[in-house]
Amino acid sequence: MKTQKCNCLICRVAWTRNDRGSLGLLIPCAILLLILGVGSFAADVVHNTLVRAELQNASDAGALAGAAALVSAQTAPMADYYATQATAANFADGNPVSENSANTTVAVSIDTNVPGEIGECHVQVSRQIQNWLASIFGRSTELVSADATAACSQNVVSTGSQH
């Protein structure tokens, strides 16, 4: 049994049109989408890594400042203040690392009950950052955090470099 073809103008054009080469347009479009997806992922990974390194520097500075304050009986009560100020003197993602910055938390804890030590200072910072291109795939923000702990020993004689 033979199928009958329609003789209208639309069907005649559709039957005579050559479909060859349509895959040649689809493959480059798919490759372009893949490159955009990988590129957005890579850009956001690098951005997140940079912000995490900046937050780590800030928390390291805060922990060292807090631990250094524990050396003296006069400055020990202000150790958390020194740690907070040293953390805030650093920048991450273009903004100071302090509680006054948007989407940023800074937690400082001083522990003077450490065996064999005068005490230790623990600084934990976190910041909610905006992803640049990953928002296309539903990841508009990312929480990046870092923490540091520095201890103050009774054997500390001086700080700084020796010549």
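Only a predicted model underlies this, so the values are computations on that prediction, with no experimental measurement involved.

Per the secondary structure count, the chain includes three helices and five strands. What you see in the chain, going N to C, is helices and strands ordered as α-α-α-β-β-β-β-β. Here the chain, with 163 residues, has 25% of them falling under the buried criterion. The contacts of the chain with a sequence gap of at least 6 include a subset with a gap of at least 24, amounting to 59%. Summed over all atoms, the accessible surface of the chain reaches about 11400 Å², with 60% contributed by carbon and sulfur.

Our next topic: unusual backbone geometry. Residues other than glycine seldom take positive phi values, yet Asp93 does so here, at roughly 60°. Of note, Asn103 is a non-glycine position whose phi angle comes to about 60°, a positive value. With respect to the helices, strands and loops of the structure, Asn103 is situated in the loop between β2 (95-96) and β3 (104-111). Owing to a relative accessible area of 52%, Asn103 belongs among the exposed residues under this scheme.

This part takes up the sheet that holds strand β4 (residues 117-130). Across the sheet, three strands lie side by side as β3-β4-β5; this open sheet has antiparallel pairing. Each edge of the sheet is formed by a strand with only one pairing partner; in this case those strands are β3 and β5 (141-153). Within this sheet the neighbouring strands show an average axis-to-axis angle of 10°, counted without direction. Across the sheet, helix α3 (residues 79-88) lies against β3 and β4, angled at about 145° from β3, the strand it touches most.

About the cut-offs
Residues numbered from 1 in each chain as written. Predicted model: local features only at pLDDT ≥ 70, side-chain atom pairs only at ≥ 80, totals over all residues. Heavy atoms only, no water. Helix = DSSP H or I, 4+ residues; strand = E, 2+ residues; numbered from the N terminus. Buried < 20%, exposed > 50% of the residue type's maximum accessible area, 1.4 Å probe, protein only. Contact = heavy atoms within 4.5 Å. Areas by Shrake-Rupley, 256 points an atom, 1.4 Å probe, with all protein chains shown as cover. Pairing = 2+ DSSP bridges. Axes fitted to C-alpha atoms, helices over the stretch in contact; angles between N-to-C directions.

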